[in-house]
Amino acid sequence: MQTKKKFNLLWVAWILILPALLIRGFTTVYPIFETFRISLYDIRLFKGIIEFVGFQNYVTVFKDPKVIASVKFTVIFVLSSMALHIVLGIILALILNMNFKGRKFLRTIVLIPWAMPMVVVGIAARWAFDNDYGLVNDFIRWFVPNFKLSWLIYTNSSRLAVIAMDLWKDIPFFAILVLAGLQFIPEEIYEAARVDGAGPIQSFFKITLPLITKNVLILSIFFTMWRLVSFDIVYSMTSGGPGEDTALIAYRITTEAFTNLNLGYGATLAVVLFLVMVLFSSITLLWVKKIDY
Amino acid sequence: MKKLLPILLVILMLGIFTGYANGSEYDLTLFTVWKTNPNFDQWLSGVESATGLKINAIAEPTDTDTRQQKVVTILSSGDSSIDILHINDEMGTSVKNTGWLVPLNDTVLTDDIIGYFPQGYMADMLTSKDGGIIGVPSYVGYLAFWIDQVKLDKYGFKSIDAKEDFVAFAKAATEGGNYGYGGSWEKTYIHNELGIFVNLFGGDYLDWTNPANKEAIQFMYDMVNTWKVTPVDVLADKYEQMNQKFIDGKYAMLFMWGTGGAFRDAGRYGEDQIHLAPIPQFATKSIFTDSWSFVLNSASKNKEAAIKFLQYVASKEGMVSGWDNVLAYPARSDAAQLLPDSDVKDMYSLYQRTCIVRGRPMLPQTMEFLTDMGTIFQLCMQDKITVDEFCVRAQQYVERYK
């Protein structure tokens, strides 16, 4: 009797979540399978071409100079942005963890960049890095009066500008999440360390860092994933330029699929990126499991 | 209350869905770039009064890439929520042979009126390979020559009639952080100016083995690197940045679309300020014309209403209304005659009489072509490839994307 009741309840539960599952399936699972399917086709809508080509698109991906350029910058972008996210994010979290007047206010306003839409940030950044009107050069000219640089026309400076805007926008959020981890470290451990003669730097490396490592690593998985699929900052700020020098891989996918209407090739790039992300997150999760403090 | 809430929610949901099921209150939906014009509502009221239609107008994105993507997504997916779209030459060239747009030869652009439209432009930009004319030009525009009279007077020039004057004025006006020639050379924008200089030197944009093309590129390279009359910063500039710098007196002359709305708004338009000027004579005197055209979505479920709209905007009255409200110069020559005399009317008439008027050269895969051309142009201006290498690569792109 109780088993039958349990069984009935289970059916009710499934029926109740079925609409959500169907919607999820239609909006997530179906597009994934469809993307895999069309990656095996050469689809060029402007030319009216829809032709099954098997894995030819995948072969082309590894020979396409535009894709190679995008991958190169994506690697630079992800590695440098993540490294600075971790270092500067932890520093900011430590500052926000200190006791000082106005701490609550600072913790609030520090999130303002994160709350702004990235497209707005990108459009504003296009002006901010302008040689004549930009506030970046204006600030630099306080110290170097004759400074002149049109940031977005040179490869290195435009890449630096893109990375800088990404950091400006997302470090506060990373710091707040690290701060949450810092809250869980008992004060008694620091007291005991002080009694034993440990200074602040020793306390940081021997207590704080080990205890937040797992937290930071897990955050790094998410933040790295977000960097890998970064699109809007480049779209609104540089349009991938100068040339293709700031065209991140997600930007390339969107351009191929929605501007050039090469849907098959765009799908192929998306599948390759998906596989890279699966590989990365699997390796990182295995590594995180091994850490135990 | 607890039992009442779910019931209220269900009623609300039913109400929302019923509202959709009963259909829209509008006769058609218009997707237009004019929506952000301050006088758009006036123009739309005029259209609705003249046609008896109720029109739902939606703003197109102002960013080139976003707009292109939205328009092709709507058309390629058979989305019937938009009846009329407002598209530029780049989009028109890409989609005119796809079957996504309804030909208007028999219903709108009939034999009695088609002759009033620029024939070459209609043939090159809006006619499909089957002979169907797929759009009604909403205006005629030129990539016109603009001069800052303040600088012309300051440096003692009366006018810029020839290439020699152009170069001399550019050099004279380059001083104190200001430059003689301004441009918008961002990689998706440069094709306009690149094309005009190729035409001025008597070249052919789709034939980069033509020596005149090389002369044009060399000229542009010299402007930046040899004479330094154009700052290399222009490689990052779109129209917003270029216009702002022109308004602020940073440039002495440039080529720009439109009738100077931005300059008027900034109080810098006029005979003694920034104004249109005759095209200088290089090897030729050439000018680009362009337009944005209203097109009918093949998937539209309101074709009758849409045709009524298109008939109005293609009429003399519709064209004049465009000028009166949003400064859209009539694409119909008979409508242009009805306009009151103005500097724009005079100059446009002069362009038509004295210049070789061409539509911009477009290939089927327009955005890929112009983006790739913009990329190698930027490499050339930054000395990363030579002018000769540019020409070789440009020809490869022509072959690849045609």
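See the structure above.
Residues numbered from 1 in each chain as written. Chains lettered and ligands numbered in written order. Predicted model: local features only at pLDDT ≥ 70, side-chain atom pairs only at ≥ 80, totals over all residues.

1. Structural notes on the overall build of chain A
At step 1: Summing up its helical and strand segments, chain A has 13 helices and 2 strands in all.
At step 2: Its C-alpha radius of gyration of 24 Å places chain A more than 25% over the 19 Å reference for a compact globule of 293 residues.
At step 3: Dimensions of chain A, computed from C-alpha atoms along their principal axes, come out at roughly 85 × 75 × 30 Å. (Helix = DSSP H or I, 4+ residues; strand = E, 2+ residues; numbered from the N terminus. Rg over C-alpha atoms; globule rule 2.2 N^0.38 Å.)

2. Details of the interface of chain A and chain B
At step 1: Between chain A and chain B, the residue contacts involve 19 residues of the former and 25 residues of the latter.
At step 2: Classifying every residue of the side of chain A that touches chain B gives 7 nonpolar, 8 polar and 4 charged. (Contact = placed C-beta atoms within 7 Å. Nonpolar A, V, L, I, M, F, W, Y, C, P; charged D, E, K, R; others polar.)

3. Observations concerning the nonpolar core
At step 1: Ranked by internal contacts, the top residues of the largest apolar core, which has 154 residues, are Met253(B) and Leu310(B).
At step 2: Considering every element that reaches this core, the biggest residue donor is helix H17 (residues 366–381) of chain B, with 8 residues.
At step 3: Those residues within four positions of Leu310(B) in sequence are excluded, and the remaining contacts are Leu104(B), Val108(B), Val136(B), Phe294(B) and Leu296(B).
At step 4: Core analysis: the next-biggest nonpolar cluster, separate from the first, contains 10 residues, Phe174(A), Ala175(A), Leu219(A) and Phe223(A) among them. (Core = buried A, V, L, I, M, F, W, Y, C linked by C-beta atoms within 7 Å. Buried ≥ 20, exposed ≤ 12 C-beta atoms within 10 Å, placed from the backbone.)

4. Structural notes on the sheet that holds strand E4 (residues 136–137) of chain B
Residue and element names in this part refer to chain B.
At step 1: Read across the sheet, 5 strands follow the order E2-E1-E3-E11-E4 without closing on themselves; strand pairing throughout is mixed. The open sheet has two free edges, formed respectively by strand E2 (55–59) and E4, since each of these has just one partner strand.
At step 2: As defined by bridge partners, strand E1 (residues 28–32) adjoins E2 across 5 bridges and the pair is classed as parallel. Residue pairing across strands places Phe 31 opposite Ile 58, the latter belonging to E2.
At step 3: Relative to the sheet, helix H13 (residues 303–313) contacts E1, strand E3 (84–87), E4 and strand E11 (293–296), its axis offset from that of E11 by approximately 160°. (Pairing = 2+ DSSP bridges. Axes fitted to C-alpha atoms, helices over the stretch in contact; angles between N-to-C directions.)

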